[in-house]
Structures are given as C-alpha cells and as structure tokens.
Amino acid sequence: MRCYFFGMSIYYFEKYSHFYPFRDTDGLDYTMCTISVWEQVRMYCVRKGSMPRSFFDCGAAVGYLVREADMLGLRASGIDIRRYPPVPETEKYFASGQIQIKSILDAAPVTADLAYCNGTLTYLNEVTLPIALKKFQNVGMLIAVHNTTEDVQAAFKTGEPIVHRESRLIRSNDWWMNIFRNNGFRVDFDSENKCFCARPIKDDAASKYQGFVSATRLGGGFIRAFSRGV
Ligand SMILES: C[S@@+](CC[C@H](N)C(=O)[O-])C[C@H]1O[C@@H](n2cnc3c(N)ncnc32)[C@H](O)[C@@H]1O
C-alpha cells in the first residue's frame, strides 16, 4: 500500500517534523522535509543546557533554514555544493556570502554552535566522510538526519518509494553511531526526530570543565562569605 499526504509519502511526513511544500531541491519528495530550526534549538538546549547563538546549515539548498534561523535571532550561515534557482526570500543570504557555494570538504572548520546536515552526509563516501566530520570539531552540536538502512527497509514494507540511490551512503543506525564515535563525537539518536545528535568530545569536556570552574568559584564565594560571618 502506498501512503501519501499532500503528495508526500507518509513515511517522511512522520519522520520529519517540518515540511516545506514550496521547496524541492532535487525533485524528490523527501527533499521537501526537514527538522525546523526551532526544534533543533530545543534539542540543543536539552543536551547542552544553553541556547545556541549561531546556526550553520551544511547543505543549505535554497536557504530556507538559514532564513528561519536568522528570523529566530541566530547568527545564521550555510553552505551548499550546488546553486539552486534563486528565490527572492533567501537571495540576500547568498549575496552577503552567509551561504557559500562550496563543498563542505573544501570549507573552513565550522564554528557555529549548532550545525545541521539534512541528507548531506549521505552524499559523501567512507573516505570523505571523516574529512567532513573533522570540519565539525568546533561546533557545539551537530544534528544529522538522513536515510538509513532501517528507513529504507521500513518504507519498502509499506510500499513507499523511498529513493535509494546507489550513489548514496545508506548504512544502518549502528554504523552511523560508530562513525560519529570513531570521529571524536559523543552521540545519541533522538527517537522523536529520528536524527543523530553529535557533540564533539573536546567541546563537551570543555563545558564540563567550565561548569566545574563556575561551581568551584560559587562554592568558594559561599565559604568566604560564611567565614566572614555574612
Ligand atoms: C536534502 S538537502 C538539505 C536542504 C536543507 N538543509 C533542508 O534541510 O531543508 C541536502 C543538500 O546537501 C547538498 N550537498 C551535497 N553534498 C554536499 C557537500 N559536499 N557540501 C555541501 N553541500 C552538499 C546538496 O546539494 C543538497 O542541497
């Protein structure tokens, strides 16, 4: 049985929380879905305990997510290997250079608090993926969402035509979890949004150290105050 909703497969409608009916990056229905920046910010806050101040869309396509992030008050930027036909709402981000046309493999290390890859990592291969992941070693958190072996199998069961291009890196959830771990990230799989939330280990260690320093300062302040009889 094939299940569609507004021309898009139910599978993808359920998988992603956000749907842009006006966007179609490469002519396939699933490219019209994503996770809203707002929801990504929520996932970031839950894991990092702070608000992100900047957002980087790796595979920004026509730039709608960069625009959403900008409208939410984040410092927004992005990159895409291809230039899609311009749309008026997002043209200014290309003109200003906030969105660059370049491969992530040729880009400078990403420094945004929150980085996002929707499908982009599956364009890479087992040799180039670690090179790309290195670019995210300075972010606060990387959210990656893409088709996995499990997605393809689940969709085949309902007869939905998930596009499984041979050239894409379709691997199991476990495979992806290990890739993140083996490339310097602490990772969990968000079952609600069906995405990987990867935090560079060095950044996590730094936040824990900062937390320890603040707690120690606070504790020291109390001890001094009490010893002075305040
Ligand atoms: C599914 S679209 C994501 C669109 C948008 N970020 C969203 O979530 O709505 C994936 C994008 O990744 C881009 N892409 C593929 N390989 C890339 C690379 N090496 N560097 C940068 N972008 C790449 C593609 O051109 C495509 O536009």
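Rules of the game
Residues numbered from 1 in each chain as written. Predicted model: local features only at pLDDT ≥ 70, side-chain atom pairs only at ≥ 80, totals over all residues. Pairing = 2+ DSSP bridges. Helix = DSSP H or I, 4+ residues; strand = E, 2+ residues; numbered from the N terminus. Axes fitted to C-alpha atoms, helices over the stretch in contact; angles between N-to-C directions. Contact = placed C-beta atoms within 7 Å. pLDDT = per-residue confidence, 0-100. Core = buried A, V, L, I, M, F, W, Y, C linked by C-beta atoms within 7 Å. Buried ≥ 20, exposed ≤ 12 C-beta atoms within 10 Å, placed from the backbone. Near = placed C-beta within 6 Å. Nonpolar A, V, L, I, M, F, W, Y, C, P; charged D, E, K, R; others polar.

Enquirer: Got a minute to help me understand the sheet that holds strand E10 (residues 185–190) in this structure?
Expert: Here seven strands make up an open sheet; going across it, the order is E7-E6-E5-E8-E9-E11-E10 and the pairing mixed. Looking at which strands have only one partner, the edges of the open sheet turn out to be strand E7 (99–101) and E10. Between one strand and the next, the sheet's axes are offset by a mean angle of 15°, whatever the strand orientation. Of the strands in this sheet, strand E5 (54–58), strand E8 (114–118), strand E9 (141–145), E10 and strand E11 (195–200) are in contact with helix H2 (residues 37–48), which crosses E9 at around 130°. This element, helix H7 (residues 173–182), spans E10 and E11 of the sheet and lies at about 155° to E10.

Enquirer: Please clarify how the confidence of the model for the protein chain should be interpreted in this entry.
Expert: The predicted coordinates ought not to be read in detail in places where the model reports low pLDDT. Per-residue confidence for the protein chain gives a mean pLDDT of 82, with 70% of residues at or over 70. This stretch, residues 1–5, has a pLDDT under 50; its non-local contacts, to residues over four places away or in other chains, come to twelve contacts. Of the regions scoring below 50 in pLDDT, residues 21–30 engages in 20 contacts with residues more than four places distant in sequence or in other chains.

Enquirer: So what exactly am I meant to see when it comes to the nonpolar core here?
Expert: Nonpolar side chains tend to gather and get buried jointly when the protein is soluble and globular. One finds Phe55, Ala115, Met141, Leu142, Ile143, Ala144 and Ala198 to be the most contacted residues of the largest nonpolar core, which totals 44 residues. Ranked by the residues each element gives to this core, the list is headed by E9, at five residues. Dropping the residues within four chain positions of it, Ala115 is found in contact with Phe56, Cys58, Val110, Phe136, Val139 and Leu142.

Enquirer: How do you make sense of the site of the ligand when you look at a structure like this?
Expert: If you check the shell around the ligand, you find 20 residues, and the closest are Thr34, Gly59, Asn118, Gly119 and Tyr123. Contributing elements (two or more residues each) for the shell around the ligand: E5 and strand E6 (75–80). For the shell around the ligand, the class distribution of residues is nine nonpolar, eight polar and three charged.

Enquirer: How do you make sense of unusual backbone geometry when you look at a structure like this?
Expert: Of all residues except glycine, most have a negative phi; of all peptide bonds, most are trans. Notably, Ala61 is not glycine yet its phi reads approximately 50°, a positive angle. Summarising the element assignment, Ala61 is placed in the loop between E5 and helix H3 (64–71). The phi dihedral of Lys194 falls on the positive side, at around 50°, and the residue is not glycine. Mapped onto the fold, Lys194 is located in the loop between E10 and E11.

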